[in-house]
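Descriptive structure summary
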Amino acid sequence: MISRDGTCMSVWQNTVAPFNSQHFSISDQIYDVVIVGGGITGVSTAFLLQQSGKKCLLLEANNLCYGTTGGTTAHLNTLLDTPYNAIANKFGDDKAKLVASSVREAIESMKRRISDINFDCGFRNATAYLFAKDEKQEKELAEIKESALKVGVDCGYVSSMSYPFLFRKAIQIEDQAKFIPTRYVYALAHEFENLGGIIQEQTRVTGVEENETINVETSAGNFECRALVYATHIPPAVNLLHLRCIPYRSYAMAVRLKGNNYSEALAYDMEDPYNYYRSQEIDGKTYLIAGGFDHKTAHEEDTEYRFLQLESHLRKSFDISEVKYKWSSQYFEADDGIPYIGHLPGHPGNIYVATGFGGNGMVYSTVAANLLSKMILGQNSLYIDLYDPNRIKPIAGFTQFIKHNADVVKQFASKLFDADKLEVLADLAPGEGRLVKYEDHKIALYKDEYGKLYALSPVCTHLKCDVRWNSAEKSWDCPCHGARYAIDGKVLTGPADRDLEKIPLAVVRT
Ligand SMILES: Cc1cc2nc3c(=O)[nH]c(=O)nc-3n(C[C@H](O)[C@H](O)[C@H](O)COP(=O)(O)OP(=O)(O)OC[C@H]3O[C@@H](n4cnc5c(N)ncnc54)[C@H](O)[C@@H]3O)c2cc1C
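Since the model is a prediction, treat every value here as computed from it, not as a measurement. (Residues numbered from 1 in each chain as written. Predicted model: local features only at pLDDT ≥ 70, side-chain atom pairs only at ≥ 80, totals over all residues. Heavy atoms only, no water.)

Let us now look at the nonpolar core. Of all hydrophobic cores here, the largest spans 114 residues; its most connected members are Tyr84, Tyr163, Phe179, Tyr184 and Tyr387. Among the elements that take part in this core, helix 7 (residues 361-376) stands out by supplying ten residues, more than any other. Counting only domains with at least three residues in this core, you end up with domain 1 (31-72 + 182-243 + 337-391) and domain 2 (123-176 + 246-331). Dropping the residues within four chain positions of it, phenylalanine 179 is found in contact with Trp12, Ile40, Ala74, Leu76, Met110, Cys121, Gly122, Phe123, Tyr184, Arg278, Gln280 and Met362. Grouped together as the second largest cluster of nonpolar side chains are 24 residues, Val36, Leu228, Leu241 and Phe332 included. (Core = buried A, V, L, I, M, F, W, Y, C linked by side-chain atoms within 4.5 Å. Buried < 20%, exposed > 50% of the residue type's maximum accessible area, 1.4 Å probe, protein only. Helix = DSSP H or I, 4+ residues; strand = E, 2+ residues; numbered from the N terminus. Domains from an automatic or database assignment. Contact = heavy atoms within 4.5 Å.)

In structure tokens form, the structure reads like this:
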């Protein structure tokens with residue numbers, strides 16, 4: 001089993017064994033490229049660069065697939081969350097066509113990799129359905145269909161579909177796909193190592209210094225490289241992109257059905273937020289995997305209720321014998337609807353980033369890997385301008401703002417708090433967390449199943465917003481830019497790269 005950035009278990013965590021690195025990093029070597037992040041984006045990029053002859057080091061703060069890749073639902077789509085009419089309105093028809101061709105090529109290149117390396121990750125081509133349930137959705141669906149056809153996505157109306165939902169109109173989209181993301185990433189990671197690449201887990205990148213080469217500071221010492229890729233889902237430290245990518249949580253479930261009536265197709269309704277459905281066979285057992293009920297990170301007080309809503313929604317249409325897995329995970333949506341892939345804003349040299357994938361990161365991760373590897377290899381691509389992160393306008397005063405926020409002062413270093421008093425004040429049930437006010441301080445307090453209290457400063461180490469309790473995943477989540485922390489303050493999800501400050505507790509007996 002592999003770990004993930006939450007306490008709920010996803011359907012994918014048991015599909016691979018923990019990774020055992022074959023090679024070790026060498027600190028006095030200059031690497032051509034350091035790739036930061038061992039999700040699908042980092043591993044795909046590292047693989048392509050190593051295959052092209054670059055000497056690569058992949059650094060992962062936790063374990064491979066610890067982030068959203070371990071908590072995804074792994075549909076591969078060319079019909080995207082941002083409809084092509086919306087992309088065309090914002091960027092023009094030609095760019096909408098380019099987006100469509102980049103995602104089509106990404107799926108084709110994934111297929112090629114699976115066949116060339118010859119591994120099984122449950123990859124299947126699949127038809128997808130998008131269905132409208134009322135007049136407004138029907139009108140939207142017509143626009144989505146027209147714009148999809150215009151950019152070359154093959155789709156058309158159907159009168160029935162292999163899902164038990166009532167609908168007014170539905171379209172069928174051809175040549176979509178699904179797979180087991182962890183098996184895909186692990187297979188590429190092994191091949192990357194076979195080609196001489198190095199993977200180092202449990203190594204968090206904490207800073208970079210750009211000179212002639214790039215000095216990479218990490219929790220396990222320093223490394224040197226010529227180019228660096230942030231494949232961390234959202235770049236760490238403080239960057240303009242944090243104001244352009246909005247963090248959301250989405251809820252997913254893998255259930256077993258009575259009667260084995262699983263559809264091979266993918267399906268999506270048009271609610272806001274929308275629900276998504278597909279099936280996957282894993283080691284001889286098939287699951288219906290469904291998700292939805294998204295909200296902005298830390299903008300929902302009762303996150304466990306979202307699971308109840310999802311389950312009750314599914315039970316209305318499916319005869320469920322068992323809910324096997326339920327989990328939530330995070331995605332970052334670009335404010336203008338398409339990802340940011342290329343030079344990290346503020347770093348025109350050799351630091352690259354791939355972020356803002358929204359709910360299409362399974363396919364955009366490969367778009368990113370294909371594009372970034374070309375850029376680093378000095379090759380041209382039709383997609384450089386399209387996804388350029390520097391298309392965003394700089395914000396006046398942003399540099400001052402960063403300086404002002406960069407120094408997080410330790411507030412609690414010299415204080416000792418009375419655990420008994422805090423416990424009485426907070427009155428927490430085991431497994432519960434809450435922000436409490438005590439002696440003019442706000443404290444993020446959690447009580448574990450055995451009654452042990454954990455006290456933290458609630459001030460997010462990224463940009464100083466107060467974190468909020470996420471009861472579903474037992475984490476402290478930041479409502480501003482989506483940083484997340486474990487009950488002991490450890491960073492779970494960026495952009496934060498430093499843990500929450502621990503508050504020392506003492507049992508003071510009188
Ligand atoms: C519930 C849900 C369902 C989804 N379903 C789909 C779907 O069906 N189809 C689809 O296309 N997309 C889907 N997505 C989106 C998709 O899963 C993500 O976009 C994708 O997994 C992102 O992959 P990544 O490699 O970029 O990031 P991640 O998988 O998050 O990997 C980033 C890695 O970087 C590491 N890291 C972070 N900071 C550092 C640091 N400082 N130093 C070292 N390592 C670091 C993390 O530990 C992590 O392992 C879904 C998202 C959610 C939330």
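Within this structure, the stated rule accounts for one cavity of 30 Å³ or more. Taken as a whole, the largest cavity holds about 30 Å³ of empty space. His295, Ala298, Glu300, Thr303, Arg468, Trp469, Asn470 and Asp477 together form the lining of the largest cavity. By residue number, the principal contributor to the lining of the largest cavity is strand 22 (residues 468-470), which donates three residues. Each residue belonging to the lining of the largest cavity can be placed in one class, and the counts come to two nonpolar, three polar and three charged. When residues of the lining of the largest cavity are sorted by domain, at least three fall in each of domain 2 (123-176 + 246-331) and domain 3 (417-506). (1 Å grid on protein atoms, 1.4 Å probe; cavity = no way out; pocket = protein on both sides within 12 Å on 5 of 7 lines; lining within 4 Å. Points joined across faces, edges and corners; volume = space filled by probe spheres on them. Nonpolar A, V, L, I, M, F, W, Y, C, P; charged D, E, K, R; others polar.)

An order of 22-23-24-25 is seen for the four strands of this open sheet, with the pairing classed as antiparallel. Edge positions in the sheet fall to strand 22 and strand 25 (491-493), since each has one partner strand and no second. As paired strands, strand 22 and strand 23 (residues 475-477) are joined by three bridges and run antiparallel to one another. Within strand 23, the residue paired with asparagine 470 across the bridge is serine 475. (Pairing = 2+ DSSP bridges.)

To continue, consider the environment of valine 185. Tracing the backbone shows valine 185 in helix 5 (residues 181-194). For valine 185 and valine 16, which are 169 residues apart along the polypeptide, the C-alpha to C-alpha distance reads 9.9 Å. For valine 185, the residues in contact, after removing those within four places along its chain, are Gly38, Gly39, Ile40, Val43, Cys65 and Thr69.

For the protein chain, the domain assignment lists domain 1 (31-72 + 182-243 + 337-391), domain 2 (123-176 + 246-331) and domain 3 (417-506). A C-alpha centroid distance of 30 Å is found between domain 1 and domain 3. Counting from both sides, the interface comprises twelve residues of domain 1 and, opposite them, ten residues of domain 3. At the boundary of domain 1 with domain 3, total buried surface from both sides reaches about 840 Å², with 52% on carbon and sulfur atoms. At the boundary of domain 1 and domain 3, one finds zero salt bridges. Joining domain 1 to domain 3, the criterion identifies four residue pairs in polar contact (both at pLDDT 80 or more). Among the residues forming the side of domain 1 that touches domain 3, the class breakdown is eight nonpolar, three polar and one charged. (Buried area = accessible area lost by both parts, 1.4 Å probe. Salt bridge = Lys/Arg side-chain N within 4 Å of Asp/Glu carboxyl O. Polar contact = N/O pair within 3.5 Å; in protein donor to acceptor, adjacent residues only side chain to side chain.)

The next thing to look at is the packing of helix 1 (residues 40-51) against helix 5. Between helix 1 and helix 5, the shortest axis-to-axis distance is 9 Å and the interhelical angle comes to 30°. One way to sum up the angle between helix 1 and helix 5 is to call them roughly parallel. The two elements helix 1 and helix 5 meet at a crossing, and its hand is left-handed. Taking contact as the criterion, the partners of Ile40, Val43, Ser44, Ala46, Phe47 and Gln50 in helix 1 are, on helix 5, Tyr184, Val185, Leu188, Ala189, Glu191 and Phe192. For the contact of helix 1 with helix 5, a count of residues per class yields nine nonpolar, two polar and one charged. (Axes fitted to C-alpha atoms, helices over the stretch in contact; angles between N-to-C directions. Parallel < 35°, antiparallel > 145°, perpendicular 65-115°, else oblique. Left-handed = near helix turned anticlockwise from the far one by under 90°.)

A few words on the sheet that holds strand 19 (residues 432-438). A sheet is described by the order of its strands in space; here three strands give the open sequence 19-20-21, paired in antiparallel fashion. The two strands at the open ends of the sheet, each matched to only one other strand, are strand 19 and strand 21 (453-456). Averaged over all pairs of adjacent strands, the angle between their axes in this sheet comes to 30°, without regard to strand direction. In terms of strand pairing, strand 20 (residues 441-447) meets strand 21 through four bridges, oriented antiparallel. The partner of leucine 445 across the bridge, within strand 21, is alanine 455. Lying over the sheet, helix 10 (residues 419-426) contacts strand 19, strand 20 and strand 21, oriented at roughly 110° with respect to strand 19.

Here the focus is the site of the ligand. Every one of the 37 residues lining the ligand counts as a neighbour, but Thr41, Glu60, Thr69, His75 and Met362 are closest to it. Residue threonine 73 places a side-chain N or O atom 2.8 Å away from a nitrogen atom belonging to the ligand. At 3.1 Å from a nitrogen atom of the ligand is found a main-chain nitrogen or oxygen belonging to glycine 361. Within the complex, 97% of the 1000 Å² of free accessible area of the ligand lies under protein. Looking at the shell around the ligand, the elements that each hand over two or more residues are helix 1, strand 15 (320-334) and helix 7. Each residue belonging to the shell around the ligand can be placed in one class, and the counts come to 13 nonpolar, 22 polar and two charged. Counting contributing residues, the shell around the ligand receives three or more from each of domain 1 (31-72 + 182-243 + 337-391) and domain 2 (123-176 + 246-331). (Near = heavy atom within 4 Å. Areas by Shrake-Rupley, 256 points an atom, 1.4 Å probe, with all protein chains shown as cover.)

Next up on the list: the packing of helix 3 (residues 93-117) against helix 5. Close contact between helix 3 and helix 5 brings their axes to 11 Å; oriented N to C, the two are set at 60°. Classified by the interaxial angle, the pair formed by helix 3 and helix 5 is oblique. Crossing hand, helix 3 versus helix 5: left-handed. Residues Met110, Arg113, Ile114 and Ile117 of helix 3 pack against Tyr184, Leu188 and Glu191 of helix 5. Split into classes, the residues belonging to the contact of helix 3 with helix 5 amount to five nonpolar, no polar and two charged.

In this section: the environment of alanine 177. Mapped onto the elements, alanine 177 comes out in strand 6 (residues 169-178). Non-local contacts of alanine 177, meaning those with residues more than four positions away in its chain, are made with Ala74, His75, Leu76, Phe123, Arg124, Asn125, Ala126 and Leu266.

Right, let's get into helix 6 (residues 303-315). Over its 13 residues, helix 6 extends 19 Å from the first C-alpha to the last, a length consistent with the 18 Å expected when each residue adds 1.5 Å. Among the residues of helix 6, those classed as buried are Thr303, Arg306, Phe307, Leu310, His313 and Leu314. Along the axis of helix 6, the buried positions cluster into a sector of 130°, meaning they face one direction only. In this structure, the buried side of helix 6 is in contact with strand 11 (245-257), strand 13 (276-282), strand 14 (285-296), strand 15 and strand 22. (Expected span 1.5 Å × (residues − 1). Arc of directions from axis to C-beta.)

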